[in-house]
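In case you want the letters, here they are:
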Amino acid sequence: MPAHRSIVATFVALALVLLAACGSPGARPGPDRPVVLAAAAALPAGAAGTVDVGGRPVQVQVPPGYDPASPAPLLVVLHGFGSDPARVDDLLGLREEAAARGALYVLPEGTTGPDGRRFWNASDACCGAERADVDDSAYLALVVRTLATTYAVDPRRVAVVGYSNGGFMAYRTACDHADLVSTVVSLAGAMPADGRACRPSRPVRVVQVHGTDDPVIRAAGGRREGHAYPGAAASAAAWARLDDCPAPPLTAPGLRDLDTAVPGAETTVTTWAGCADGTSVQLWSIAGADHSPALGTAFATAVLDVATGTR
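In this convention, every chain numbers its residues from 1, walking through the sequence in written order. Two thresholds apply to this predicted model, a pLDDT of at least 70 for residue-level local features and 80 or more for giving and counting side-chain atom pairs, whereas whole-chain, interface and lining totals are computed over all residues. As a convention, hydrogens and water are excluded, and side-chain values are obtained from all of the structure's heavy atoms.

Explain the pairing of strand β8 (residues 153-163) here, please?
In the case of a regular strand, side chains alternate between the two sheet surfaces. Within β8, 9 of the 11 residues are buried, which leaves it mostly tucked inside the rest of the structure. Any two strands with at least two DSSP-identified bridges between them are counted as paired. Helix numbers and strand numbers start at the N terminus; a helix is a DSSP run of H or I with at least 4 residues, a strand a run of E with at least 2. In this sheet, β8 lies alongside strand β4 (residues 72-78) in parallel orientation, the contact comprising 6 bridges. Looking at β8, one finds that L74 is bridged to V158. Both β8 and strand β9 (residues 183-187) contribute to a ladder of 5 bridges, which runs parallel. When the bridges of β9 are listed, V161 appears paired with V185. When the strands point away from the viewer and the path from the first strand over the helix to the second turns clockwise, the crossover is right-handed. The β-α-β motif built from β8, the intervening helix α5 (residues 165-176) and the parallel element β9 has right-handed crossover chirality. Any residue under 20% of the maximum accessible area for its type is buried, any over 50% is exposed, and the rest in between are partly exposed; the area is computed with a 1.4 Å probe on protein chains only.

This is the structure we're talking about:
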């Protein structure tokens with residue numbers, strides 16, 4: 001982008017921020033009330049706010065060193081069932097590391113079901129069979145496309161990170177829109193029960209993260225609310241087949257310390273390497289962790305290592 005166009009875009013964005021802030025005392029921005037902009041309005045470098053995409057709020061953080069001349073990684077983070085962006089933001093702790101790595105950090109929001117809880121219509125395995133009128137796959141594709149239109153995004157570094165129901169949804173997004181998504185990180189999620197439902201158009205880098213003591217979405221797989229779901233190892237192995245990875249996977253010597261509530265290093269990393277198009281599939285098994293691990297900075301570092309890498 002020429003320098004004069006970049007300057008004009010920045011002034012337009014700042015003007016929209018000032019207009020939004022001055023609308024009324026009740027709409028004044030602050031820690032609990034971010035500035036709300038139109039979907040096409042770009043926030044300046046180092047700013048955070050909320051935009052409207054498809055009638056839903058999407059939180060966006062632009063890294064301090066963002067430069068339209070240098071396409072940035074994009075990190076889309078999905079909350080769990082009955083949760084919200086604030087809680088998954090706090091649980092995963094990726095915000096600061098995303099800024100440090102120069103990644104655009106994005107938190108979309110699911111819709112509210114009849115029971116009053118937010119959800120993602122992910123797959124036959126989780127949280128959407130009775131809510132088939134909501135097409136969250138198409139919606140998240142719209143989110144990625146909108147952000148890629150508003151900012152300079154590196155298409156080789158678009159990662160969707162999801163927790164629980166959001167982890168199921170991250171897989172669904174990659175299955176349906178591999179042309180837009182290069183990386184998936186699923187924490188306490190799983191692939192669809194019907195493997196035929198996933199037919200990605202190209203290989204995708206995948207990380208499945210799961211606590212061995214998760215009582216909600218069991219690492220070995222099971223059924224929840226009448227829906228069967230595959231286990232963590234089975235979900236990773238499914239992507240290894242989809243990505244045409246050579247067998248067998250290798251388990252790295254030593255452990256990672258990802259869960260601060262579990263003493264010492266507790267996470268085993270198993271990797272399918274040498275997959276098609278330079279991708280890989282990993283399974284991070286957190287020994288002793290439950291459905292909501294106490295994730296430390298090592299988790300954020302490991303996730304951004306994968307999300308900001310190129311294939």
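What am I meant to see in the state of the cysteines here?
Every disulfide links exactly two cysteines, by a covalent bond between their sulfur atoms. Two cysteine sulfurs form what is called a disulfide whenever their separation falls within 2.5 Å. Counting across every chain of the model gives 2 disulfides. Across the disulfide from C175 sits C198; the S-S distance is 2.1 Å. On the S-S bond that ties C175 to C198, the torsion sits near -95°, and the link is left-handed. Of this pair, C175 sits in helix α5 while C198 sits in the loop between β9 and β10 (205-211), and the two are 23 residues apart along the sequence. This pair shows no difference in class: C175 is buried, exactly as C198 is. Put simply, C245 and C275 are joined by a disulfide, and their sulfur atoms are 2.0 Å apart. Measuring the twist about the S-S bond at about 110°, one finds the C245-C275 disulfide to be right-handed. With a gap of 30 residues between them, C245 in the loop between α6 (232-242) and β13 (250-251) and C275 in the loop between β14 (267-272) and β15 (281-286) connect regions that are remote in the sequence.

What is the right way to look at the environment of A100 in this model?
Here A100 shows up in helix α3 (residues 95-100). Accessibility expressed as a relative area gives 63% for A100, which makes it exposed. For the pair A100 and P63, spaced 37 residues apart in sequence, the C-alpha separation works out to 7.3 Å.

Is there a simple way to explain unusual backbone geometry in this structure?
As a rule of thumb, non-glycine residues mostly have phi less than zero, and peptide bonds are mostly trans rather than cis. The amide bond that connects A247 to the next residue, P248, takes the cis arrangement and shows omega of -5°. Along the polypeptide, P248 turns up in the loop between α6 and β13. Although it is not a glycine, D244 adopts a positive phi angle of roughly 55°. Here D244 shows up in the loop between α6 and β13. Looking at D244, the relative accessible area reads 58%, which means it is exposed.

Teacher, can you tell me more about the confidence of the model for the protein chain here?
As a note on interpretation, predicted positions should not be read in detail where pLDDT is low. pLDDT expresses how confident the predictor is about each individual residue, on a scale running from 0 to 100. Here the protein chain averages 87 in pLDDT, and 85% of its residues register 70 or above. The contact criterion used is simple: two residues touch if any of their non-hydrogen atoms lie within 4.5 Å. In this model residues 1-40 is a low-confidence stretch, pLDDT under 50, and it forms 36 contacts with partners more than four residues away in sequence or in other chains.

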